[in-house]
Amino acid sequence: MRQFHSALGYLLLGCFGIALTAVPAFAQSSPAPKDWELFASAYTYILPDAANYVQPTFTADRGRLHLEARYNYEAQKTGSAWFGLNFSGGESVEWELTPIVGAVFGEVDGIAPGYKGSISWRRISLYSESEYVIDTADTSESFFYNWSELTYSITESLRAGLVIQRTRAYQTDRDVQRGLIVGYDYRRAAFTFCLFNPDDDKPSAAFSMGLRF
């Protein structure tokens, strides 16, 4: 498993390097950057056998540039800061991809390559974000994180579907948690509710509130 994680980490680093080399070609034909697009959100996790906690995230995007800050994501009492590059395209099938690299500090210290991306076709959308945290204190504790959603847009504002996550922010009996997700957008606000492992005796839940400005 450690060899798999190490190989995956190097693969993500390689993908990030390839994306960096492609930037000049993209930049030549890209339009002038628009104003900053800011988004702040906070997930509240409700856990059956552990203390509940809040996981805030803040993102700032301007043209190709993506900046992000997280807390309690990789581990509780741990922060992370990220830099990335935005790419997008498609017509009937729209896609977005943001290779990212970040620094992790707190209960866990390390560096992390990763990505955020989505593919949308009509009312169906697949979103995924992953990272491989290379623990600089103990590389054997390095870990692959993932959050992925497959949703169907019932209306322009309401979506529902499936969600999976792999995390070390809290402990469960499952390596990969899976569940249901519902999201609703109202003007500049976004609301999301997730129910993980609904068939377990003690499922966990998470809900978020976000604001675009």
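The rules behind these values
Residues numbered from 1 in each chain as written. Predicted model: local features only at pLDDT ≥ 70, side-chain atom pairs only at ≥ 80, totals over all residues. Heavy atoms only, no water. Helix = DSSP H or I, 4+ residues; strand = E, 2+ residues; numbered from the N terminus. Buried < 20%, exposed > 50% of the residue type's maximum accessible area, 1.4 Å probe, protein only. Contact = heavy atoms within 4.5 Å. Areas by Shrake-Rupley, 256 points an atom, 1.4 Å probe, with all protein chains shown as cover. Core = buried A, V, L, I, M, F, W, Y, C linked by side-chain atoms within 4.5 Å. pLDDT = per-residue confidence, 0-100. Salt bridge = Lys/Arg side-chain N within 4 Å of Asp/Glu carboxyl O. Patch = residues over 30% accessible without salt bridge, like charges linked within 9 Å, V, L, I, M, F, W, Y side chains within 5 Å. Pairing = 2+ DSSP bridges.

Comments concerning the overall build of the protein chain
In terms of helices and strands, the protein chain carries 1 helix and 13 strands. For the protein chain, the N- to C-terminal ordering of α and β elements is α-β-β-β-β-β-β-β-β-β-β-β-β-β. Buried positions account for 39% of the 213 residues belonging to the protein chain. Long-range pairs, those at least 24 residues apart, make up 40% of the contacts in the protein chain with a sequence separation of at least 6. Total accessible area on the protein chain stands at roughly 12,300 Å², and carbon and sulfur atoms take up 61% of it.

Let's talk about the nonpolar core
Counting residues in each nonpolar core, the largest one holds 13 residues, and the members touching the most others are Y45, W147, Y170, C194 and F196. Elements with a minimum of two residues in this core: β1 (37-46) and β12 (189-196). The contacts of Y170, once residues within four sequence positions are left out, are Y45, L47, Y53, Q76, Q165, Q177, F196 and S204. Formed by 9 residues, the second largest nonpolar core is a distinct cluster that contains A75, W82, I100 and A112.

Some thoughts on unusual backbone geometry
A positive phi angle is found at N72, which is not glycine, with a value near 65°. For N72, the position within the fold is in the loop between β3 (65-71) and β4 (78-85). The backbone of R122 sits at a positive phi, close to 55°, despite the residue not being glycine. Position of R122 among the secondary structure elements: in the loop between β7 (110-121) and β8 (124-135).

Regarding the confidence of the model for the protein chain
Where the model shows low pLDDT, its predicted coordinates should not be examined in detail. Within the protein chain, residue pLDDT values average 88, and 85% of them lie at 70 or more. In the predicted structure, residues 1-31 sits below a pLDDT of 50 and forms 25 contacts with residues beyond four places in sequence or in another chain.

A closer look at the pattern of salt bridges
Using the criterion set out here, one finds 11 salt bridges in the structure. One salt bridge in this structure joins D49 and K202, with 3.2 Å as the shortest N-O distance. Of this pair, D49 sits in the loop between β1 and β2 (53-62) while K202 sits in the loop between β12 and β13 (204-212), and the two are 153 residues apart along the sequence. Residue classification places D49 among the exposed residues on the basis of a relative accessible area of 60%. The exposure class of K202 is exposed, given its relative accessible area of 52%. Across the salt bridge formed by R70 and E68, the nearest N and O atoms sit 2.8 Å from each other. Comparing R70 with E68, the two get one shared label, buried. Connected through salt bridges with shared partners, the residues E68, R70, E74, K116 and E131 form a single ionic network.

Brief notes about a nonpolar patch on the surface
On the surface, V93, W95, L97, I119, W121, I124, L126, L150, Y152, I154, L162 and L180 cluster together to form a nonpolar patch covering roughly 1,100 Å² of accessible area. For the nonpolar patch, the secondary-structure elements that each account for two or more residues are β6 (93-106), β7, β8 and β9 (143-153). At 3 residues, β6 tops the list of elements feeding residues into the nonpolar patch. Within the element layout of this structure, I124 appears in strand β8. Looking at I124, the relative accessible area reads 38%, which means it is partly exposed.

Here we look at the pairing of β6
One ladder, built from 7 bridges, connects β4 with β6; its direction is antiparallel. Considered in β6, the bridge of T78 is made with G106. In the sheet, strand β5 (residues 87-89) pairs with β6 via 3 bridges, with the strands oriented antiparallel. Within β6, the residue paired with S88 across the bridge is E96. Following β5, the chain reverses through 3 residues before pairing antiparallel with β6; G90 in that reversal takes a positive phi of roughly 95°. Alignment of β6 against β7, held across 12 bridges, turns out to be antiparallel. Bridged to E94 within β7 is S120.

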